[in-house]
Amino acid sequence: MNARETAIQAYLKRFSELPRYVARAPGRVNLLGEHVDYNDGFVLPAAIDRATYVAFSPASTDLSTLVAADFSEEAQFTPETLPGKVQPDDSLLPEWALYPAGVAWSLGAADLSTPAMQAAFSSDIPRGSGLSSSASIELAFGVAWSTLGGWILPPMQLALLGQKAENRYVGVNCGIMDQFASACGELERLLLLDCRSLEYRSLPLPEDTLIVVADTSVRRKLSSGGYNERRAACEEAVRLLSKDLPGIKALRDVSVESFNRLSYQLPSLVEKRARHIVEEIERTRQAIPLLEQGQTRAFGQLMNACHTSLRDYYEVSTPELDTMVEIAQDLPGCLGARLTGAGFGGCTVNLVVGDRAGAFARSLGPEYERRTGLHPEIYICQASRGAGLL
Ligand code: ADP
Ligand code: MG
């Protein structure tokens, strides 16, 4: 049974009727621009054809009942219990319920109507592996509440309220890329987002290529410490560099040239972290004309360079991610391979010549399993459209 069916069946079982609506919001994979979102850089994600589906109807009282079909669990809240993150019986909301409840909270805080709903949801995005299952839940529920509330927001505004839910209600300090890609995805297109101005547009996916995602099956270790350390190093670099470069607000404002000239002043760890960011932002700048001109091989090389930099400078790779990337880069038809998402586990993203993708996927999995003893999942992905009602 696919995730859409699972959501509908769970709804039917719990509420003894068919849902009135089904909302869908995709996961995403980022092709280039990693860890630059919180440095005001550019990112190049695509929404993928894996998604969260929410089957829902309005509730008759002010009590919302949500069923997590994949966990066979349910949670409830009312407008009164929402701010305290508790259920009407005073028990805490389970962790998974913080995502939809957080969306109700952030929409409410923006004066958007969020009528109570009964809902069941399911997702075929692997959890915690860097494909943004969390943002897809936020956006799917954002669409659900916009349907019941009878209002419409531009997709970027809905994405920002999803991010606010994750930052302020769930308590995860994420950037805007995940929610943006889930909200604004386009069929067979890559997205280019300027994380400073939030301006965005889409770009053609390199012709005759496919995106292959390989899940190392190593779940991201509790990495908030590692993540916060990286963010702090970037801020420290800006602080130190601003003595010579007055007015810079983020590493986005530092060119590779100025960085090379001034980096000797930075403590070596800060220098390494900042070098990744400055060079990665430069790579995304170079990528734009390459994508527009269909220079697929050169684009793939930027992806490879990104992995090396994440491994050696930003140090967010793991032996499993490195192994997956090494195997991929040696396979026929592989144009570029790198870890994707925050790192510390999770997935790699591979750009592969279209008619080689099947063979690539069939070789990559078994070879990874032979070398690591771990069983990976390999997904050939289609770039998909963003969140919406089915
Ligand atoms: P990701 O990279 O997948 O976004 P996160 O750690 O940000 O990883 O979010 C994962 C969390 O989202 C899970 O711990 C769970 O609380 C919630 N989640 C993801 N998928 C589901 C699902 N199918 N059902 C219920 N909750 C889910
Ligand atoms: Mg997430």
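Scoring rules and cut-offs
Residue positions are given per chain, counted from 1 along the sequence in the order it is written. Written order determines the labels here, with chains lettered from A and ligands numbered from 1. Selection of residues for local features in this predicted model requires a pLDDT of at least 70, selection of side-chain atom pairs for listing and counting requires 80 or more, and totals for whole chains, interfaces and linings are taken over all residues. Values reported for side chains reflect all heavy atoms of the structure, with hydrogen atoms and water molecules removed beforehand. To qualify as a helix, a DSSP run of H or I must reach at least 4 residues; to qualify as a strand, a run of E must reach at least 2; elements of each kind are numbered from the N terminus. Radius of gyration: over C-alpha atoms. The globule rule applied is 2.2 Å multiplied by the number of residues raised to the 0.38 power. The contact definition used throughout considers only heavy atoms, calling two residues in contact when any of these lie within 4.5 Å. Throughout, the Shrake-Rupley method with a 1.4 Å probe supplies accessible areas, and for residues the shown protein chains are the sole cover considered. Charge convention: Lys and Arg are scored as positive, Asp and Glu as negative, and His as well as the terminal groups of each chain are ignored. All charge positions are set by atom: Lys at NZ, Arg at CZ, Asp at CG, Glu at CD. Grid points spaced at 1 Å and placed over the protein atoms alone form the basis of the search, with a cavity being a set where a 1.4 Å probe fits but cannot get out and a pocket an open set showing protein on both sides within 12 Å along at least five of seven lines. Lining residues have an atom within 4 Å of a point. Grid points are joined across faces, edges and corners, and a volume is the space filled by probe spheres set on the points. Here a polar contact is recorded for every N or O atom pair within 3.5 Å, except that within protein the pair must consist of a potential hydrogen donor and a potential acceptor, and residues adjacent in sequence are included only if both atoms are side-chain atoms. When a residue's accessible area, from a 1.4 Å probe over protein chains only, is under 20% of the maximum for its type it is buried; when over 50% it is exposed; and in between it is partly exposed. If even one non-hydrogen atom of a residue comes within 4 Å of a molecule or strand, that residue is called near it. Side-chain classes are defined by residue name, with Ala, Val, Leu, Ile, Met, Phe, Trp, Tyr, Cys and Pro counting as nonpolar, Asp, Glu, Lys and Arg as charged, and the others, Gly among them, as polar. Put simply, a nonpolar core is a bunch of buried Ala, Val, Leu, Ile, Met, Phe, Trp, Tyr and Cys residues held in one set by side-chain atoms that sit within 4.5 Å of each other.

**Details of the overall build of the protein chain**
Inference 1: Looking only at helices and strands, the protein chain has eleven helices and 13 strands in total.
Inference 2: The C-alpha radius of gyration computed for the protein chain amounts to 21 Å, which stays within 12% of the reference 21 Å derived for 390 residues, consistent with globular compactness.
Inference 3: Reported as C-alpha extents along the three principal axes, the dimensions of the protein chain are approximately 65 × 50 × 40 Å.
Inference 4: Within the protein chain, contacts between residues at least 6 apart in sequence are counted, and of these 71% link residues at least 24 apart.
Inference 5: Accessible surface, the protein chain: about 15800 Å² in total, of which carbon and sulfur atoms supply 49%.
Inference 6: Of the charged side chains in the protein chain, 37 are positive and 47 negative; the average position of the first set lies 2 Å away from that of the second.

**Description of the layout of surface pockets**
Inference 1: Approximately 1200 Å³ is the volume found for the largest pocket.
Inference 2: As for the largest pocket, its lining consists of 43 residues, and the residues nearest its centre are Tyr-99, Ser-134, Glu-166, Val-172 and Arg-220.
Inference 3: Put simply, the parts of the chain that give the lining of the largest pocket at least two residues each are strand S6 (117-123), helix H3 (133-149), helix H5 (177-184) and helix H6 (224-241).

**A look at the side chain of Arg-28**
Inference 1: Mapped onto the fold, Arg-28 is located in strand S1 (residues 21-30).
Inference 2: Here the side chain of Arg-28 touches Gly-130 through a polar contact of 2.7 Å, landing on its backbone oxygen.
Inference 3: A distance of 3.5 Å separates polar atoms of two side chains, one belonging to Arg-28 and the other to Ser-132.
Inference 4: For Arg-28, the contacting residues outside a window of four places in its chain are Pro-45, Ala-46, Ala-47, Ile-48, Gly-130, Leu-131, Ser-132, Met-177, Asp-178 and Ala-181.

**Overview of unusual backbone geometry**
Inference 1: Phi at Asp-111 is positive, roughly 65°, even though this residue is not glycine.
Inference 2: Here Asp-111 shows up in the loop between helix H2 (98-109) and S6.
Inference 3: Given the relative accessible area of 73%, Asp-111 is considered exposed.
Inference 4: A positive phi angle is found at Glu-315, which is not glycine, with a value near 55°.
Inference 5: Along the chain, Glu-315 falls in the loop between helix H9 (296-312) and helix H10 (319-330).

**Side note on the site of ligand 1**
Inference 1: Every one of the 19 residues lining ligand 1 counts as a neighbour, but Asp-70, Glu-95, Gly-128, Ser-133 and Ser-134 are closest to it.
Inference 2: Contact distances for ligand 1 include 3.1 Å between an oxygen atom and a backbone N or O atom of Gly-130.
Inference 3: Between Ser-134 and ligand 1, the recorded distance is 3.0 Å, taken from a side-chain N or O atom to an oxygen atom.
Inference 4: Starting from 570 Å² of accessible surface for ligand 1 in isolation, the protein chains cover 88%.
Inference 5: Considering every element that reaches the shell around ligand 1, the biggest residue donor is H3, with three residues.
Inference 6: Within the shell around ligand 1, the residues separate by chemical class into seven nonpolar, seven polar and five charged.

**Looking at the nonpolar core**
Note that soluble globular proteins tend to have their nonpolar side chains buried in a common cluster.
Inference 1: The biggest cluster of nonpolar side chains holds 104 residues, and the ones touching the most others in it are Ile-211 and Leu-251.
Inference 2: For this core, the element with the most residues is helix H8 (residues 268-292), which contributes nine residues.
Inference 3: The contact partners of Ile-211, leaving out residues within four places of it in the chain, are Val-29, Leu-31, Ala-46, Leu-205, Val-349, Asn-350, Leu-351, Tyr-379, Ile-380 and Cys-381.
Inference 4: Ranked by size, the runner-up nonpolar core spans 15 residues in total, among them Met-324, Val-325, Ile-327 and Ala-337.

None of the figures reported here should be taken as evidence of function without further support.
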